[in-house]
Amino acid sequence: MIESATSAPRPEPQTPAPSAPQPGLRGRHLLGIEELSAEEIVLILDTAEAMKEVGSRTVKKVPALRGRTVVNLFFEPSTRTRTSFEIAEKRLSADTLSIAVATSSVTKGETLVDTALNLEAMSPDMIVMRHASSGAAHLLSRICHARIINAGDGMHEHPTQALLDAFTIRRHKKRLAGLKVAIIGDLLHSRVLRSNVHLLGKLGANVWVSAPRTLIPPGIERLGVTATTRVEDAIADADVVMMLRIQMERMQGHFFPSLREYFTLYGLTKERLALARPDAIVMHPGPMNRGVEIASDVADGPASVILEQVSNGVAVRMAVLYLLAGGLD
Amino acid sequence: MPLVIDAVRMSRTLARIAHEIVERNRGVEELAFVGIRTRGVPLARRLAATVNEIAGADVPVGILDITLYRDDLMRHTVGPQPLVRLTDIPFSIDDRRILLVDDVLFTGRTIRSALDALIDFGRPKAIQLAVMVDRGHRELPIKADYVGKNLPTSRREIVNVRLQESDGIDEVTLEEGSHD
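Scoring rules and cut-offs
- Position labels on residues start from 1 in each chain and follow its written sequence.
- As a convention, the first chain written is A and the first ligand written is 1, with the rest following in written order.
- Predicted model: local features are reported for residues with pLDDT of at least 70 only, side-chain atom pairs are reported and counted for 80 or more only, and whole-chain, interface and lining totals are derived from all residues.
- Side-chain figures throughout are based on the complete set of non-hydrogen atoms in the structure, without hydrogens or water.
- Secondary structure is summarised from DSSP: a helix means a run of H or I of at least four residues, a strand means a run of E of at least two, and numbering begins at the N terminus for each.
- Throughout, the radius of gyration refers to the C-alpha atoms, and the reference size of a globule is 2.2 Å times the residue count to the power 0.38.
- Remark: exposure states derive from per-residue accessible area (1.4 Å probe, protein chains only) relative to the maximum for the residue type, with buried under 20%, exposed over 50%, and partly exposed in between.
- The criterion used for residue contact is that any of the two residues' heavy atoms lie within 4.5 Å.
- Side-chain rings of Phe, Tyr and Trp, where Trp is taken by its six-membered ring, are said to pair if the distance between their centres is within 6.5 Å; with planes under 30 degrees apart they count as stacked, over 60 as edge-to-face, and otherwise as tilted.
- Two conditions define a charge sitting above a ring: the NZ of Lys or the CZ of Arg must be within 6 Å of the ring centre, and it must be within 35 degrees of the ring normal.

**Focus on the overall build of chain B**
Step number 1: Per the secondary structure count, chain B includes four helices and eight strands.
Step number 2: Element order for chain B, N to C, with α for helix and β for strand: β-α-β-α-β-β-α-β-β-β-α-β.
Step number 3: Against the 2.2 N^0.38 benchmark of 16 Å for 180 residues, chain B shows a C-alpha radius of gyration of 16 Å, consistent with a compact globule.
Step number 4: Principal axes of the C-alpha set define a box for chain B whose edges measure 45 × 35 × 30 Å.
Step number 5: Residues classed as buried in chain B amount to 54% of the 180 residues present.
Step number 6: Long-range contacts, defined as pairs at least 24 residues apart, comprise 68% of the intrachain contacts of chain B with a sequence gap of at least 6.

Here it is as structure tokens:
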């Protein structure tokens, strides 16, 4: 699904053409972080810095995507991500349309393909999709002409979440390389974890993950992270503590005795946070279960950047939309 | 590679433009500079510094990236998007006289984009344009208020403005282009 873009000669009328090829995204779609290079990730983060400024103006709108149509196709409930994409699209002047599709009893693959083909017939330029099945965005990218942005597919990837997390970390720490990042919570069901592990690894962060043994995906060490059931080891001297939601809706079976016990053993409390570096930041992709994975006084405390993550999400999604829109025809 | 403007000439030119700006605006009270990325920015800073010296003022300087306002965005079929960099205008432009600064005035399309961008930031009392080189070939009805040098060129030629801040040398050269 990654096509190499031919480098287009776009001579600036007033400056000589630079000898180095202009950086850009190689692919037509954003399906996951796994397919991106470190350079592409940095390009998105740098572009997001400029987009963040647009959001601070009185007129929060630029004409960059004027006349383009973006469809937000959400097969799973989402408030934050869908709203964030919609605001990002509107700030770039795209025409947007959001469709919330209730998952029906029809085989998911069939529903998805049919829906996609019908949408495609109305020729949108981009489709932002969330779906409960891993690989749904890949499937769509093979049958649609439109650019596909994966807004979360099953337990696979949620690339824009990892990008906004990285953007938030970089704003606070000025870098990613060499940082110790602890990711704690429901690792097994988390697409946020997978995207973050790929991204943080590519940019040189030192990633620790922690959860009860039942929630640690087998073989996760192969992705270059250190896994531990002792949450204190993960948090010790961490620069960033990222808590993941306990996803009750994805849990079929029993993974731990009770939510209260989970909080006692793995919840982020002030006492546990004190093990991290004094300037550590606390992150959460939302929605939070207060009193399950994170204590309220930590979520609302001085180290928390959880709401900043939400506002940075708009800037990062504007960057992705803008960069992928290149060469639309 | 004919040298059109050398370092000495450039500094005299900027001093002359700074004086013209003060004279034409009858003072500097409402003035603010906005440099267009990339090389309009150091030029705006230098002009502001000279104006401040002449008038004993502290005129603010902003940075404008016009990429998101370009009229050729999305018109190419392949290839990466132009890089977007930070815009930083840390003051209200409402009711100010904005001195827009760029290195070369050519087709006028960059300035058109810059005007659109500025209007999104507020309602200035006036916008004036200062450029180091006007090389002609306008495609839009746009004209500079302050010009360092009028330089007749063919479309094939390339005007290079190099500045100490970005290129380590102050000069303007005219080169034969490889393609038009």
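And the narrative resumes.
**Brief notes about the packing of aromatic side chains**
Step number 1: Applying the stated criterion across every chain, the model contains two aromatic pairs over all chains.
Step number 2: Centroid distance A:F256 to A:Y262: 5.1 Å. Interplanar angle 35 degrees. Geometry classified as tilted. By the burial criterion, A:F256 is buried, and A:Y262 matches it.
Step number 3: With a centroid separation of 5.5 Å and an interplanar angle of 20 degrees, the aromatic rings of A:Y262 and A:Y266 are classed as stacked. Here A:Y262 and its partner A:Y266 are both found in helix α8 (residues 259-266), four residues apart, which amounts to about one turn of the helix. Across the pair, A:Y266 and A:Y262 agree in class, each one buried.
Step number 4: In this structure an aromatic cluster arises from ring pairing among A:F256, A:Y262 and A:Y266.
Step number 5: A cation over an aromatic ring shows up here: A:R317 above the ring of A:F85, its NZ or CZ 4.9 Å from the ring centre.
Step number 6: Positioned above the aromatic ring of B:F106, the side-chain terminus of B:R135 is 3.9 Å from the ring centre.

**Concerning unusual backbone geometry**
Step number 1: The omega torsion across A:G286 and A:P287 is -10 degrees, close enough to zero to call that bond cis.
Step number 2: A cis amide bond links B:R37 with the next residue in sequence, B:T38, at an omega value of 5 degrees.
Step number 3: Counting through the fold element by element, B:T38 comes out in the loop between β2 (31-36) and α2 (40-55).
Step number 4: Positive phi outside glycine occurs at A:K174, with the angle close to 65 degrees.
Step number 5: Relative to the helices and strands, A:K174 resides in the loop between α5 (159-173) and β5 (180-184).

Spatial relationships are all this shows, so hold off on functional conclusions.
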